2 protein chains.
Amino acid sequence: MIINFSELVPAEITGFKDGDGTLTLRKFEDKSNKIMLFTLPPEASVGVHSHCGNSEIIYILEGTGSAFDGKSWTPVKAGACLYCPEGETHGLKNDGDSPLVFFAVVPEHHL
Amino acid sequence: MIINFSELVPAEITGFKDGDGTLTLRKFEDKSNKIMLFTLPPEASVGVHSHCGNSEIIYILEGTGSAFDGKSWTPVKAGACLYCPEGETHGLKNDGDSPLVFFAVVPEHHL
């Protein structure tokens, strides 16, 4: 199937995973996967959180930011792929000056 | 963690999933997920195949092509998201005139 993000109703979410600011989320979800397109304006973040029973894979489409892998923060930009394996912790913030847009998949691994 | 596709050794694969031509695949893999960057030159394809125990989520980064969802072929282009749920069938071909580049995740759902 084709997931047309432009046809999904965007949710405006403040404090996502206890992060800063308000982000826009377009999400498709079934029992197996969350498939998402995030837009974080400058200074917004996805707060640091852990993945239990699932993982998260991110591909950055636009902008720059910093990614946390449970230990340290690393600068990232469009074209970067981030992976939070099951049981680990991560976060992502837009500390650049343009929107940070990323594609993300959260698969469930124990159905 | 950051997956740096440019540092992964690219595999040149002919007839991937019984498809046409030779594609380039950069792959990270653990027990939970395959995380991949594909480049299909014009006329190359990923053959039609089914997903058992896992699914596949694709985000097209560059180029144009046609996607099969088990029933019909649909034109796709950069920015399209394709989802093959567990138990279903799909395929993807580059019938354009430039490389078709896409990010793909194959998560295992029954660990």
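So, how was this worked out
- Residues numbered from 1 in each chain as written.
- Chains lettered and ligands numbered in written order.
- Predicted model: local features only at pLDDT ≥ 70, side-chain atom pairs only at ≥ 80, totals over all residues.
- Heavy atoms only, no water.
- Contact = heavy atoms within 4.5 Å.
- Buried area = accessible area lost by both parts, 1.4 Å probe.
- Salt bridge = Lys/Arg side-chain N within 4 Å of Asp/Glu carboxyl O.
- Polar contact = N/O pair within 3.5 Å; in protein donor to acceptor, adjacent residues only side chain to side chain.
- Disulfide = S-S within 2.5 Å.
- Helix = DSSP H or I, 4+ residues; strand = E, 2+ residues; numbered from the N terminus.
- Buried < 20%, exposed > 50% of the residue type's maximum accessible area, 1.4 Å probe, protein only.
- Phe/Tyr/Trp six-rings, centres within 6.5 Å; stacked < 30°, edge-to-face > 60°.
- Least-squares fit on C-alpha atoms with pLDDT ≥ 70 in both.
- Pairing = 2+ DSSP bridges.

## Details of the interface of chain B and chain A
Move 1: Taken together, the contact pairs 28 residues of chain B with 28 residues of chain A.
Move 2: Between chain B and chain A, roughly 2500 Å² of surface is buried when both sides are summed, and carbon and sulfur atoms account for 67% of that area.
Move 3: Applying the counting rule to chain B against chain A returns zero salt bridges.
Move 4: For the pair chain B and chain A, the interface holds 16 residue pairs in polar contact (both at pLDDT 80 or more).

## Some words on the state of the cysteines
Move 1: In the structure shown here, the tally under the stated rule is zero disulfides over all chains.
Move 2: The thiol of C81 of chain B is not disulfide-bonded; the next cysteine sulfur, from C84 of chain B, is found 12 Å away.

## Quick notes on the environment of G21 of chain A
Residue and element names in this part refer to chain A.
Move 1: With respect to the element layout, G21 can be found in the loop between β2 (11-14) and β3 (22-29).
Move 2: Residue class for G21 comes out partly exposed when judged on its relative accessible area of 38%.
Move 3: Between the alpha carbons of G21 and P75 there is a distance of 19 Å; along the sequence they are 54 residues apart.
Move 4: Contact partners of G21, with chain neighbours within four places excluded, come to I13, T14, G15 and A44.

## Quick notes on the packing of aromatic side chains
Move 1: For the coordinates displayed, the defined rule picks out 13 aromatic pairs over all chains.
Move 2: Taking 5.6 Å as the distance between ring centres and 70 degrees as the angle between the ring planes, the aromatic pair formed by F28 of chain A and Y83 of chain B counts as edge-to-face. Here F28 of chain A is found in strand β3, whereas its partner Y83 of chain B is found in strand β9 (residues 81-84) on a different chain.
Move 3: With a relative accessible area of 1%, Y83 of chain B lands in the buried category.
Move 4: Ring-pair connections join several aromatic residues into one group, and the members of that group are F5, Y59 and F103 of chain A together with F5, Y59 and F103 of chain B.

## Focus on the relation of the copies chain B and chain A
Move 1: Superposition record for chain B on chain A: RMSD 0.0 Å, screw rotation 180 degrees, translation along axis 0.0 Å. Both copies are brought into coincidence by an operation consistent with a two-fold rotation axis. For chain B, the residue whose C-alpha comes nearest the rotation axis is H109 of chain B, separated from it by 2.1 Å.
Move 2: When the interface residues of chain B are mapped onto chain A, 100% of them again lie at the interface, so the same face is used by both copies.

## With respect to the pattern of salt bridges
All names here are of chain A.
Move 1: Counted by the stated rule, this structure contains four salt bridges over all chains.
Move 2: Close ionic contact of E29 with K27 constitutes a salt bridge, the shortest N to O distance being 3.4 Å.
Move 3: In this structure K27 comes out as partly exposed when scored by relative accessible area, which is 37%.

## Overview of the environment of S32 of chain B
Move 1: Among the structural elements, S32 of chain B can be located in the loop between β3 (22-29) and β4 (33-40).
Move 2: The exposure class assigned to S32 of chain B is buried, which follows from its relative accessible area of 3%.
Move 3: Separated by 24 residues in sequence, S32 of chain B and E56 of chain B have C-alpha atoms that sit 13 Å apart.
Move 4: Discounting chain neighbours no more than four positions away, the residues touching S32 of chain B are Y83 and H109 of chain A together with V106, P107, E108 and L111 of chain B.

## Examining unusual backbone geometry
Move 1: Phi is positive for D18 of chain B, close to 65 degrees, though the residue is something other than glycine.
Move 2: If you trace the backbone, D18 of chain B turns up in the loop between β2 (11-14) and β3.

## Digging into the sheet that holds strand β1 (residues 2-3) of chain A
Move 1: Taken together, seven strands build an open sheet; the order of strands is β1(A)-β9(B)-β6(B)-β11(B)-β4(B)-β3(B)-β2(B) and the sheet is antiparallel. The outermost strands of the open sheet, each flanked by one partner alone, are β1 of chain A together with β2 of chain B.
Move 2: One ladder, built from four bridges, connects β2 of chain B with β3 of chain B; its direction is antiparallel. Note that in β3 of chain B the partner of I13 of chain B across the bridge is L23 of chain B.

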